[in-house]
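Below are the chains, spelled out letter by letter.
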Amino acid sequence: MSDQIKFIVDNLNKEPFRKNYNLITFDSLEPMQLLQVLNDVLAEIDPKQVVDIREEMPEQTAKRMLSLLGILKYKPPGNAADMSTFRQGLVIGSKPVIYPVLHWLLQRTSELKKRAYLARFLIKLEVPSEFLQDETVADTNKQYEDLMEAFKTLHKECEQLKTSGFSTAEIRRDISAMEEEKDQLIKRVERLKKRVEAVQNHQRMLKIARQLRVEKEREEFLAQQKQEQKNQLFHAVQRLQRIQNQLKSMRHAAADATPESLMKRLEEEIKFNSYMVTEKFPKELENKKKELHFLQKVVSEPAMGHSDLLELESKINEINTQINQLIEKKMMRNEPIEGKLSLYRQQASIISRKKEAKAEELQEAKEKLANLEREVSVKTSQTREFDGTEVLKGDEFKRYVSKLRSKSTVFKKKHQIIAEFKAEFGLLQRTEELLKQRHENIQHQLQTIEEKRGISGYSYTQEELERVSALKSEVDEMKGRTLDDMSEMVKKLNSLVSEKKSALAPIIKELRQLRQKCQELTQECDEKKSQYDSCAAGLESNRSKLEQEVRGLREECLQEESRYHYINCMIKNLEVQLRRATDEMKAYVSSDQQEKRKAIREQYTKNIAEQENLGKKLREKQKAVRESHGPNMKQAKMWHDFEQLMECKKQCFLKQQTQTSIGQPGEPEDWRTLQKKEHSFLRTGT
């Protein structure tokens, strides 16, 4: 609670409230001021709530706040029975009611603002059916609903744009960059056009290039469509395999099964499910509800100090001692019937615990089996996506191993051939190096001979002329072949397009059949799903009815059990009182004096006589004290005066001693007067 108040005070001191509270001032607020603080927080969420509650009736204030809290989907702590106390606490401004509301509102202010804003437009006005018979009212209501749906879509689009991360500045920058790129592309296209215009038949080439681009785009589109159809086919095959596996498992389960075994299995499943529904789940639900109620009770109570804890510990110890005493009494009675019943109860509790443990083990085993089946399906799908093949099983795996062994022998042979080629390649490489070295030596000798004859560079010039002439002939051949290549390219493209069309025709035909099959399977799946949903809804309704009946019977059983214990305790008390009354009558009527003395009446009469004697003595003592009170007080006063006189005498004596030690004569007059007072006191005292 203290953390809750601290959070509320911190948030109220911030913007936009700025209340300047501390923990003491906030906790000392009056109920009306606390309601005004709650109203200010609600007004921050919904501006329509700006009201001075002093000018408003308490019922109107509570109704207005409750309606807004209902729109904001606030759930008060506790169950539905606590709603009346919540409303009453909201009317009177109770702190245990207002504090949780403030804490909840201040935790999610921005979210609640949005919810309150949407509630203004999305809370539907319920029009009675008799008014909707009018065409004008019906049309207006339809327009109203259409506008509400349009508002929903627009609000979703607005939220998506807000959360998309795009800002106007970024969009403007992107637009300017795209315009610059557009200008650059226009200039580049113009330059390319100028360069192409100088080439012969450029229009025809451009047309062919355009057709080529269109065909490439079409090829990409067809490839993409083919990939999508492959994916759809793969998913359809997966679904078909899954359904076939389910059918196979069901057939395998039903192959060796007789009607009696099927009925027995169904009965076992029904028993298990009924046990889970009627016994296990209600117990767990009841335990969770009790735990939740206990935790809510602990949370709603104020913080406990050390003294409260000590008090609780003492109460717990007292209750434990009482329980031990009752157990000892029960053991002392040692009734045989109770002993047999306790034995049967222990056996029943042991059996119920074993039953619960086995049910939990069965549930865990089912969950584990389902998880393993899901993992197997995931692994198989991953292997299919990885290489497009299924997981091999049995004979297929053996065939795959034999095939792999034959391939490994072929691989070893090929590897040996590659090693021979590598050795031959090394030998040829070494021969090439020797020939290059020999060629360099010959070139060096040729250069020395040319220098001696005066024609240095002759061989190099001759090689360059031969190379240039070869390049020129190659360029001329390329120019001649360019047009032939382009025409051949167009022919190849046309042939490729026709081949692709012919290759895709059977695939498209197969795809149509698969689509039809997929539609049939989806229709069958939808029918099975609708049947399953209807069956599940029926079972859920039956389960809820059974839960209600069980809950009512349990409450009735608890009431009857508490009533039985109460009546049993009353009977025991009456028996004890009756026994004491009979014992008293026996002792009172008995002729034996010892028995009479044991009677409660005799004991009470004796106690009364003793108390009367004691009172008489006390009254006599009181009378003697009253008579001697005056003289005793006078004597006490005289003794007090005597004490003062002796103190004064002591002071005078000490003073005289000090004067004699100094050498001054004393004061005999004071001493004489003191002696006279003493004599008079002694005379009056005696």
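Note that the structure is predicted; figures quoted are calculated from it, not measured.

A few words now on the overall build of the protein chain. When its secondary structure is counted, the protein chain shows 19 helices and zero strands. In the protein chain, which comprises 686 residues, the proportion classed as buried is 12%. On the protein chain, roughly 58,100 Å² of surface is accessible, and the fraction owed to carbon and sulfur atoms is 57%.

The terminal C-alpha atoms of helix H8 (residues 135-163), which comprises 29 residues, lie 42 Å apart, in line with the 42 Å expected from a rise of 1.5 Å per residue. When we look at burial in H8, the residues that qualify are Asn141, Met148, Phe151 and His155. Buried residues belonging to H8 abut helix H7 (109-122).

Turning our eyes to something else, we now look at the nonpolar core. Counting residues in hydrophobic clusters, the biggest one holds 32 residues, and the most contacted among them are Leu12, Phe26, Leu38, Leu72, Leu102 and Leu105. Every element with two or more residues in this core is listed here: helix H1 (2-12), helix H3 (31-45), helix H4 (58-71), helix H5 (83-92), helix H6 (95-107) and H7. In terms of residues, this core owes the most to one element, H6, which gives eight residues. Excluding anything up to four places from it in sequence, Leu12 contacts Phe17, Arg18, Lys19, Tyr21, Phe26, Val37, Val41 and Leu106.

On inspection of all chains with the given rule, the structure shows 16 salt bridges. Taking the shortest distance from any N to any O, the salt bridge between Asp40 and Lys19 comes out at 2.8 Å. One end of the pair, Asp40, is in helix H3; the other, Lys19, is in the loop between H1 and helix H2 (23-27), with 21 residues separating them in the sequence. Each of Glu540, Arg543 and Glu547 takes part in salt bridges that share partners, so that together they form one network.

Moving on, we come to a negative patch on the surface. The grouping of Glu179, Glu180, Glu181 and Asp183 at the surface amounts to a negative patch. Relative to the helices and strands, Glu180 is located in helix H9 (residues 168-197). Given a relative accessible area of 51%, Glu180 falls into the exposed group.

What counts as what
- Residues numbered from 1 in each chain as written.
- Predicted model: local features only at pLDDT ≥ 70, side-chain atom pairs only at ≥ 80, totals over all residues.
- Heavy atoms only, no water.
- Helix = DSSP H or I, 4+ residues; strand = E, 2+ residues; numbered from the N terminus.
- Buried < 20%, exposed > 50% of the residue type's maximum accessible area, 1.4 Å probe, protein only.
- Areas by Shrake-Rupley, 256 points an atom, 1.4 Å probe, with all protein chains shown as cover.
- Expected span 1.5 Å × (residues − 1).
- Contact = heavy atoms within 4.5 Å.
- Core = buried A, V, L, I, M, F, W, Y, C linked by side-chain atoms within 4.5 Å.
- Salt bridge = Lys/Arg side-chain N within 4 Å of Asp/Glu carboxyl O.
- Patch = residues over 30% accessible without salt bridge, like charges linked within 9 Å, V, L, I, M, F, W, Y side chains within 5 Å.
- Lys, Arg positive; Asp, Glu negative; His and termini not counted.
- Charge placed at Lys NZ, Arg CZ, Asp CG, Glu CD.

These figures come from the coordinates and say nothing about function on their own.
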